Amino acid sequence: MAIYLDHAATTPLRPEALEAMLPYLTEHFGNPSSAHRFGQRARAGLDEAREQVAHRLGAQAREIVFTSGGTEANNLALKGAAWAGKARGHRIITTAVEHHAVGHSLRYLEKFGFEIVELPVDRYGRVDPDEVEAAITDRTILVSVMLANNEVGTIEPIAEIAERVRRHRGVLLHSDAVQAAPYLDLDVGALGVDLLSISGHKFEGPKGVGVLYVRHGTHILAQQHGGSQERHRRGGTENVAGAVGLAAAYELACQERRETTARLRRLRDRLATALLAVAGTELTGHPRDRLPHLVSIIAREVDGAEVAVGLDLNDQIACSVGSACTSGSNEVSHVLAAMGYPDEEARGALRLSLGRTTTEAEIDAASEAVPRAILAAREAGAALAGTSVP
Ligand SMILES: Cc1ncc(COP(=O)(O)O)c(C=O)c1O
């Protein structure tokens, strides 16, 4: 059986979350907007899920909007805040390393006259909080910076950015915390954000459900119109079982965070040491301020996609070259490009991401298999080119 080391793409649904969801897929099937007892039973489950998530984010229940995932949470945050703020200004500040759910939403807004300022990052993928502040003008309405990067795991200095954004009245701060959610404390007060996105399937909850935190008093315009659900911020019958599963999984992830983080960091470091022992490899992303479950490297003179496909075909390891959303597109990572890696180096990218269910034995096996696959790919490449690898 292949070893799954692609938890940054998605995680398996944990049994406790499935168990919490099942009643809402069967006997408690009511529509939470119905006044009768069937509806009210579903409403109670949804309310409880909302309370649970709010509590863990240091938020109020009314500040939680359930969405269809991280992508929709990002779309709602950005488009919702942009359209609501249009009368005040049109300038939106972001970074060059955001997930496409942010980057492409902003590109869409650009077509309608919004000015999108994409700030550069350093070699580790970090944006400078002072540069964020320097980019703010009196026409700025929104800043969007992710909490942690999904390709290289770098953690962005959100609290420092928040401190600077707060100096400018009326400028909102959004953070995409989808990748960070299982590993970092998302207390919205401490982070200082107005809008925050998370997604159930990154922490062993179900796919197709996410949360947008909207600070009380923050005006966003709904992007999906219909009923008055989610306090008029997102029309449509709620995914009750999904919300219940997300809340159950997030609660457990928070309870276990300290222990899981320490264990994964140890396993991750062991795997990183094995990979970086191969000549011509380099860690990408910040060496310390990074998510504990993710190793991202560049191996020179190999095609990372070929290595990943080979490991999969040999039934050894499932991993990826970067974001799952761009795999197969032949596109070189915009994240690595922004970090200053030329295309030929970025092609050697590999991302291995561990999860709570990853075992020591799996890391031992991966620590042998991946270096072997890199060396084999390099030899095959050299043979094709008619040269030899020492
Ligand atoms: C940083 C980040 N943002 C947003 C998303 C999109 O979330 P979802 O898959 O729930 O739409 C992902 C998923 O890969 C992600 O890693």
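Residues numbered from 1 in each chain as written. Predicted model: local features only at pLDDT ≥ 70, side-chain atom pairs only at ≥ 80, totals over all residues. Heavy atoms only, no water.

1. A word on the packing of helix α1 (residues 15-25) against helix α9 (residues 240-276)
For any two helices packed against each other, the geometry comes down to the angle between their axes and how far apart the axes lie.
Consideration 1: Two elements in contact, α1 and α9, have axes whose closest approach is 8 Å; the angle formed by their N-to-C orientations is 160°. On the basis of their axis angle, the class for α1 and α9 is roughly antiparallel. When you trace α1 past α9, the crossing you get is right-handed. Here α1 contributes Glu 16, Ala 17, Ala 20, Met 21, Tyr 24 and Leu 25 to the contact with α9, which in turn contributes Val 240, Ala 241, Gly 242, Val 244, Gly 245, Ala 248, Ala 249 and Leu 252.
Consideration 2: For the contact of α1 with α9, the residue count by class is eleven nonpolar, two polar and one charged. (Axes fitted to C-alpha atoms, helices over the stretch in contact; angles between N-to-C directions. Helix = DSSP H or I, 4+ residues; strand = E, 2+ residues; numbered from the N terminus. Parallel < 35°, antiparallel > 145°, perpendicular 65-115°, else oblique. Left-handed = near helix turned anticlockwise from the far one by under 90°. Contact = heavy atoms within 4.5 Å. Nonpolar A, V, L, I, M, F, W, Y, C, P; charged D, E, K, R; others polar.)

2. Structural notes on the site of the ligand
Consideration 1: Taken together, 13 residues form the shell around the ligand, and within it Gly 70, Thr 71, Asp 176, Ser 199 and Lys 202 come nearest.
Consideration 2: For the ligand, an oxygen atom lies 2.6 Å from a polar atom in the side chain of Thr 71.
Consideration 3: Between the ligand and Ser 199, the relevant distance is 2.6 Å, taken from an oxygen atom to a side-chain nitrogen or oxygen of the residue.
Consideration 4: In isolation the ligand has 390 Å² of accessible area, and contact with the protein removes 89% of it.
Consideration 5: For the shell around the ligand, the leading source of residues is helix α3 (residues 70-85), giving three residues.
Consideration 6: For the shell around the ligand, the residue count by class is two nonpolar, nine polar and two charged. (Near = heavy atom within 4 Å. Polar contact = N/O pair within 3.5 Å; in protein donor to acceptor, adjacent residues only side chain to side chain. Areas by Shrake-Rupley, 256 points an atom, 1.4 Å probe, with all protein chains shown as cover.)

3. Observations regarding empty space enclosed by the protein
Consideration 1: Tallying each qualifying case throughout the model produces four cavities of 30 Å³ or more.
Consideration 2: The computed volume of the largest cavity comes to approximately 140 Å³.
Consideration 3: Taken together, 17 residues form the lining of the largest cavity, with Pro 182, Tyr 183, Glu 204, Thr 260 and Arg 356 sitting closest to its centre.
Consideration 4: Within the lining of the largest cavity, the residues separate by chemical class into six nonpolar, five polar and six charged.
Consideration 5: When residues of the lining of the largest cavity are assigned to domains, at least three map to each of domain 1 (3-9 + 257-385) and domain 2 (62-236).
Consideration 6: What the second largest cavity holds in volume is close to 40 Å³.
Consideration 7: Lining the second largest cavity are Glu 151, Val 152, Thr 284, Ser 296, Ile 297, Val 321, Gly 322, Leu 336, Ala 349, Leu 350 and Arg 351.
Consideration 8: Counting residues per element, the ones that place at least two in the lining of the second largest cavity are β10 (294-299) and β12 (349-353). (1 Å grid on protein atoms, 1.4 Å probe; cavity = no way out; pocket = protein on both sides within 12 Å on 5 of 7 lines; lining within 4 Å. Points joined across faces, edges and corners; volume = space filled by probe spheres on them. Domains from an automatic or database assignment.)

4. Observations concerning the sheet that holds strand β9 (residues 281-283)
Adjacent strands of a sheet pair through backbone hydrogen bonds, lying either parallel or antiparallel.
Consideration 1: Here three strands make up an open sheet; going across it, the order is β9-β10-β12 and the pairing antiparallel. With one partner strand each, in any of the chains shown, β9 and β12 form the two edges of the open sheet. Direction aside, the axes of adjacent strands within the sheet are offset by 25° on average.
Consideration 2: Alignment of β10 against β12, held across five bridges, turns out to be antiparallel. Each bridged residue has a counterpart across the sheet, and for Leu 294 the counterpart in β12 is Ser 353.
Consideration 3: Of the strands in this sheet, β9, β10 and β12 touch α9, which is tilted by about 5° from β10. (Pairing = 2+ DSSP bridges.)

5. Quick word on the side chain of Arg 268
Consideration 1: Inspection of the secondary structure puts Arg 268 in helix α9.
Consideration 2: Contacts of Arg 268, omitting those with residues within four sequence positions, involve Arg 290, Leu 291, Pro 292, His 293, Leu 294, Val 295 and Leu 354.

6. Describing the pairing of strand β3 (residues 91-95)
Consideration 1: Burial of β3 is extensive: five of the five residues sit out of reach of the surface.
Consideration 2: Residues Arg 91, Ile 93 and Thr 95 line one face of β3 and the alternating positions Ile 92 and Thr 94 line the opposite face, and both faces are buried.
Consideration 3: Relative to strand β4 (residues 115-119), β3 is paired through five bridges, and the arrangement is parallel. Counterpart to Ile 92 in the pairing with β4 is Ile 116.
Consideration 4: Read as a crossover between parallel neighbours, the route from β3 over helix α4 (residues 100-110) to β4 is right-handed.
Consideration 5: When β3 meets strand β5 (residues 140-144), the two strands line up parallel, connected through four bridges. (Buried < 20%, exposed > 50% of the residue type's maximum accessible area, 1.4 Å probe, protein only. Right-handed = clockwise from strand over helix to strand, strands pointing away.)

7. Thoughts on unusual backbone geometry
Consideration 1: Phi angles above zero are rare outside glycine, and Arg 231 is one such case at about 55°.
Consideration 2: Mapped onto the elements, Arg 231 comes out in helix α8 (residues 229-232).
Consideration 3: Of note, His 232 is a non-glycine position whose phi angle comes to about 65°, a positive value.
Consideration 4: Mapped onto the elements, His 232 comes out in helix α8.

8. With respect to the packing of aromatic side chains
Any pair of aromatic rings gets described here by the distance separating the centres and the angle formed by the planes.
Consideration 1: Evaluation of the coordinates by the stated rule reveals five aromatic pairs.
Consideration 2: Between the aromatic rings of Trp 83 and Phe 114, the centroid separation amounts to 5.2 Å while the plane-to-plane angle is 80°, which identifies the pairing as edge-to-face. With Trp 83 in helix α3 and Phe 114 in the loop between α4 and β4, this residue pair connects regions lying 31 residues apart in the sequence.
Consideration 3: You can call Phe 114 buried: its relative accessible area is 2%.
Consideration 4: Centroid distance Tyr 108 to Phe 112: 4.9 Å. Interplanar angle 55°. Geometry classified as tilted.
Consideration 5: Taking relative accessible area as the criterion, Tyr 108 reaches 32% and is therefore assigned partly exposed.
Consideration 6: One Lys or Arg, Lys 79, reaches over the ring of Tyr 108 and ends 4.5 Å from the middle of that ring. (Phe/Tyr/Trp six-rings, centres within 6.5 Å; stacked < 30°, edge-to-face > 60°. Lys NZ or Arg CZ within 6 Å of the ring centre and 35° of its normal.)

Honestly, it's all geometry; don't read function into it.
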